Amino acid sequence: GVPRWVTVLVLAPLPAALYAQGIGQGIGDSGSPIRVSPYFSVSETLTDNRDLRPQKRADAVTEASVGVRTGSSGGRVRGFLDYSLTGVVYANDMSASNVQNSLAASGTAEVIDRHGFIDVRASISQQLKSAFGAQSISSTPNNDNRSEQRTVSLTPYLIGQLGSIASYEARLNYSTTSMSGVSVGDSNSSSALLRLSSPSGPRLGWALTGNRQRSHSGGGRDTEDDRVDALVSYTPVPELMVGVTYGNESTDQTTTDTRSYTTYGAQLRWVPTDRSALQASFTHRFFGNAYLLSLSHRLAQGALALVSSRDLSTFNGQAGLAVGTLFDLFASNLPPGFDPVVLRDLLRARGLDPDAVLVARFATSSVTLSRLNSLVFSLSSVRTTYSMSVSQSNSEAIESLSSTAGTSFASTSEVRQRGLSFNVSHRLTPVSNLTAALSWSRTSDRAGALESTLKALIGNWTTTLGPNKQLSAGLRRQMFTGEGTASSYNENAIFATYRQQF
């Protein structure tokens, strides 16, 4: 299984005492068979502002969900699937009732022994139509600024050795994204990659990579991007690798015709101990400099993770911070062998929704330049865990040829997001937990004419009633202030959820 300290690092931002309770043991065990588990849950929420508007309307909201989860971390098929169908009923206005889909799935099938694989990823989640519209930490209130987004990605690939000369990797990818009821955020893309690299072992290494990508957005714009890069690396010791890159990029992402640009950069990877890791890269491309700095360090009773990046985000249907849901936050950092199904269970065991929105990503139909800075810190004692996260993101529309009508970039060329959260979790008994989360986020344009701020406080109590049975109850308060396109509101709610898995 995954070492205990890795679990601490991966789950560092989790507002629950996972590490303190020794949950890291047993995660990621290999060789497990495919497991299928149906489940259902029912929730009741009493809110004083059903529609998130200045003029409040109270309501009782009932949510009933049926779902299935399956997963395997061993054999030729590895991955997970978690799907649920939820009916949302508003007692005072049946016309506002709706049905919501939720899907998180990722898998790899080994079709040719040790050489041929197929990766499949799919998701269905709630997404903001506009960064400047009404925002909420919960999907229970009725929000006109929210839509259901569906994403599917298929990637077949081959890996292997050309004798003792080189290693090879060949990949094809097709992905598509669509949003319910609107064309904003709809996109599809296809790409092909071929890489040849030196065998592992020698101190002096090399790699040649070619990548071709074709994209189409809901704004009606097709783009092409072709890249060829060469890497020369040096590994004086196993813990350290440095390298330089040089290449060429041909693209029409910012112009009506295809233009060629010279690219160059450098890379660094340093893992001095099993407690610390540093990764850094820099690349000069047609839009300027792209970079990535990732630092993680395990403390005696906690963990620290820092990420700073600047890069281009093509037509993937969304913009904003890379992390969207609670599950996204951890799944993006899962080490090999870590079972995502177990991760989703751990979140739910603490009364946390894996699909809860952490950062308000928003739909877009243009190429964006994204800058991200994120810091996560966690400290644990025997029964209590404290965690804090700070994030900052700037999304800039550098491509103006696609239609921006109805998008966040219709009135500004840059969307700025800031976020801060503080969480504390305390284990009351071996089967019950108490968690509290305080969050603050702000979205603004470059000039400051459009600005919104969301403040939220959530308290939650969770207990286990028996095998695969869970009860949770809590309260929330959220205050939203908007200038420009969104109206201010505040909401108070109490809720309770019963969940059973079979």
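Draft legend 1. Main features of the overall build of the protein chain. Regarding its fold elements, the protein chain presents three helices and 24 strands. Counting only residues that meet the buried cut, the protein chain has 46% of its 502 residues in that class. Contacts in the protein chain between residues far apart in sequence, at least 24 positions, make up 58% of those at least 6 positions apart.

Draft legend 2. Structural detail: the side chain of Ser 147. Relative to the helices and strands, Ser 147 is located in strand 6 (residues 146-162). Note on Ser 147: relative accessible area 4%, which makes it buried. A polar contact is formed between the side chain of Ser 147 and the backbone oxygen of Ser 180, at a distance of 2.6 Å.

Draft legend 3. Representation of the environment of Ser 191 within the structure. Tracing the chain through its elements places Ser 191 in strand 8 (residues 182-197). Each C-alpha atom of the pair Ser 191 and Arg 214 lies 6.2 Å from the other, and the pair is 23 residues apart in sequence. The contact partners of Ser 191, leaving out residues within four places of it in the chain, are Arg 171, Leu 172, Asn 173, Asn 211, Arg 212 and Gln 213.

Draft legend 4. Fine view of the environment of Ser 444. Tracing the chain through its elements places Ser 444 in strand 21 (residues 432-445). Between the alpha carbons of Ser 444 and Thr 412 there is a distance of 9.6 Å; along the sequence they are 32 residues apart. Once you skip the residues sitting within four places of it in the chain, Ser 444 turns out to touch Phe 132, Glu 414, Val 415, Arg 416, Leu 450 and Glu 451.

Draft legend 5. View of the confidence of the model for the protein chain. Averaged over every residue, the pLDDT of the protein chain is 82; the share at 70 or more is 79%. The secondary-structure element of the protein chain with the lowest mean pLDDT is helix 1 (residues 4-10), recorded at 35, while strand 11 (residues 240-251) shows the highest, at 96. Confidence drops under pLDDT 50 across residues 1-31; counting only partners more than four residues distant or on other chains, this segment forms 83 contacts. A low-confidence stretch, residues 315-323 stays under pLDDT 50, and its non-local contacts, those more than four residues away or across chains, total 50 contacts.

Draft legend 6. Up close: the side chain of Glu 148. Structurally, Glu 148 is set in strand 6. Among the residues examined, Glu 148 registers a relative accessible area of 13% and is labelled buried. Reaching out from Glu 148, the side chain makes a polar contact with the backbone nitrogen of Asn 101 at a distance of 2.9 Å. Residues contacting Glu 148, with those up to four places away along its chain left out, are Gln 100, Asn 101, Ile 124, Ser 125, Gln 126, Ser 178, Met 179 and Ser 180.

Rules used in this analysis
- Residues numbered from 1 in each chain as written.
- Predicted model: local features only at pLDDT ≥ 70, side-chain atom pairs only at ≥ 80, totals over all residues.
- Heavy atoms only, no water.
- Helix = DSSP H or I, 4+ residues; strand = E, 2+ residues; numbered from the N terminus.
- Buried < 20%, exposed > 50% of the residue type's maximum accessible area, 1.4 Å probe, protein only.
- Contact = heavy atoms within 4.5 Å.
- Polar contact = N/O pair within 3.5 Å; in protein donor to acceptor, adjacent residues only side chain to side chain.
- pLDDT = per-residue confidence, 0-100.

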